[in-house]
Amino acid sequence: MRILGIDLGGRRVGVALSDPSGLIASALETVDGRDKDYLMAHIRDLVEQHQVGEVVVGRPLNTDGSVGKQAEKYAELAERLAQRLTVPVVFQDERFTTVEAHNTMKSLGESGKKRRESVDRVAAVLILQTYLDKQNAAKQRESDADW
């Protein structure tokens, strides 16, 4: 089952997609996030086009893990999205993913402008890969327990 990962932002939204086995996240695209109706319709189209079985949305918690204004804002947007989709929408803690994405791209020699254009996609990959790794680790523990 493919899983779609989303890094919500006010201006840009990064989108990542897993492979069919749910092991590896890859960058898909960056979408203009200013028109929320377009964004919702576009994500719905991506879910159908790629036969996605679940959507993972990054949740921007405060550094202490508490829910702040930004997390509440995006929770409302994710709820709107969930109402328009026929697949589950779940949250994944996204603390520090944008910083990590910037640092990764900087270390690869990406220029400032190029980095700004790509950072949301990379953040979406980090969010989705973290989620996939957690899911696969849980499956492995269950499998080990069966022995």
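These numbers were taken from a predicted model, which means no experiment stands behind them.

Topic: the packing of helix α1 (residues 36-49) against helix α2 (residues 69-84)
Part 1 of the reasoning: The geometry of α1 relative to α2 is characterised by a closest axis approach of 10 Å and an angle of 45° between their N-to-C directions. Our classification of the angle between α1 and α2 gives oblique. Pair α1 / α2 crosses with right-handed handedness. On α2, the residues that touch Lys 36, Asp 37, Met 40, Ile 43 and Arg 44 of α1 are Leu 77, Arg 80, Leu 81 and Arg 84.

Some remarks on the sheet that holds strand β5 (residues 89-93)
Part 1 of the reasoning: Pairing is mixed across the open sheet formed by five strands, whose spatial order is β3-β2-β1-β4-β5. Bordering the open sheet on either side are β3 (25-32) and β5, each of which pairs with just one other strand. When the angles between neighbouring strand axes are averaged without regard to direction, this sheet yields 25°.
Part 2 of the reasoning: Looking at chain direction, strand β2 (residues 12-18) and β3 are connected through seven bridges and run antiparallel. Each residue of the ladder has a partner; that of Leu 17, found in β3, is Ser 26.
Part 3 of the reasoning: Contacts from α1 reach β1 (2-7), β2, β3 and β4 (52-59) within the one sheet, and its direction differs from that of β3 by about 150°.

Notes on the side chain of Asp 120
Part 1 of the reasoning: Looking at the element boundaries, Asp 120 is found in helix α4 (residues 112-146).
Part 2 of the reasoning: Given a relative accessible area of 10%, Asp 120 falls into the buried group.
Part 3 of the reasoning: Setting aside its immediate chain neighbours within four residues, Asp 120 contacts Asp 7, Arg 12, Val 13, Gly 14 and Thr 30.

Quick notes on the pattern of salt bridges
Part 1 of the reasoning: Evaluation of the coordinates by the stated rule reveals four salt bridges.
Part 2 of the reasoning: The partner of Asp 120 in a salt bridge is Arg 12, and the shortest N-O contact between them spans 2.7 Å. Of this pair, Asp 120 sits in helix α4 while Arg 12 sits in strand β2; the two residues are 108 residues apart in sequence, bridging distant segments of the chain.
Part 3 of the reasoning: For the salt bridge of Arg 84 with Asp 37, the shortest nitrogen-to-oxygen distance reads 3.6 Å. One end of the pair, Arg 84, is in helix α2; the other, Asp 37, is in helix α1, and 47 residues separate them in sequence.

Let's talk about the environment of Ala 124
Part 1 of the reasoning: Relative to the assigned elements, Ala 124 resides in helix α4.
Part 2 of the reasoning: Looking at Ala 124, the relative accessible area reads 0%, which means it is buried.
Part 3 of the reasoning: Ignoring anything within four residues of it in the chain, the contact list for Ala 124 reads Gly 5, Asp 7, Gly 14, Val 15 and Ala 16.

Considerations on α1
Part 1 of the reasoning: The end-to-end C-alpha distance of α1 is 20 Å, a good match for the 20 Å that 14 residues give at a rise of 1.5 Å each.
Part 2 of the reasoning: All buried positions along α1 are accounted for by Leu 39, Met 40, His 42, Ile 43, Leu 46 and Val 47. Along the axis of α1, the buried residues cluster in a sector spanning 165°; they form a single face. Turned more than 90 degrees from where α1 packs its buried face, Glu 48 and Gln 49 sit exposed.

What counts, and where the lines are drawn
Residues numbered from 1 in each chain as written. Predicted model: local features only at pLDDT ≥ 70, side-chain atom pairs only at ≥ 80, totals over all residues. Heavy atoms only, no water. Axes fitted to C-alpha atoms, helices over the stretch in contact; angles between N-to-C directions. Helix = DSSP H or I, 4+ residues; strand = E, 2+ residues; numbered from the N terminus. Parallel < 35°, antiparallel > 145°, perpendicular 65-115°, else oblique. Left-handed = near helix turned anticlockwise from the far one by under 90°. Contact = heavy atoms within 4.5 Å. Pairing = 2+ DSSP bridges. Buried < 20%, exposed > 50% of the residue type's maximum accessible area, 1.4 Å probe, protein only. Salt bridge = Lys/Arg side-chain N within 4 Å of Asp/Glu carboxyl O. Expected span 1.5 Å × (residues − 1). Arc of directions from axis to C-beta.

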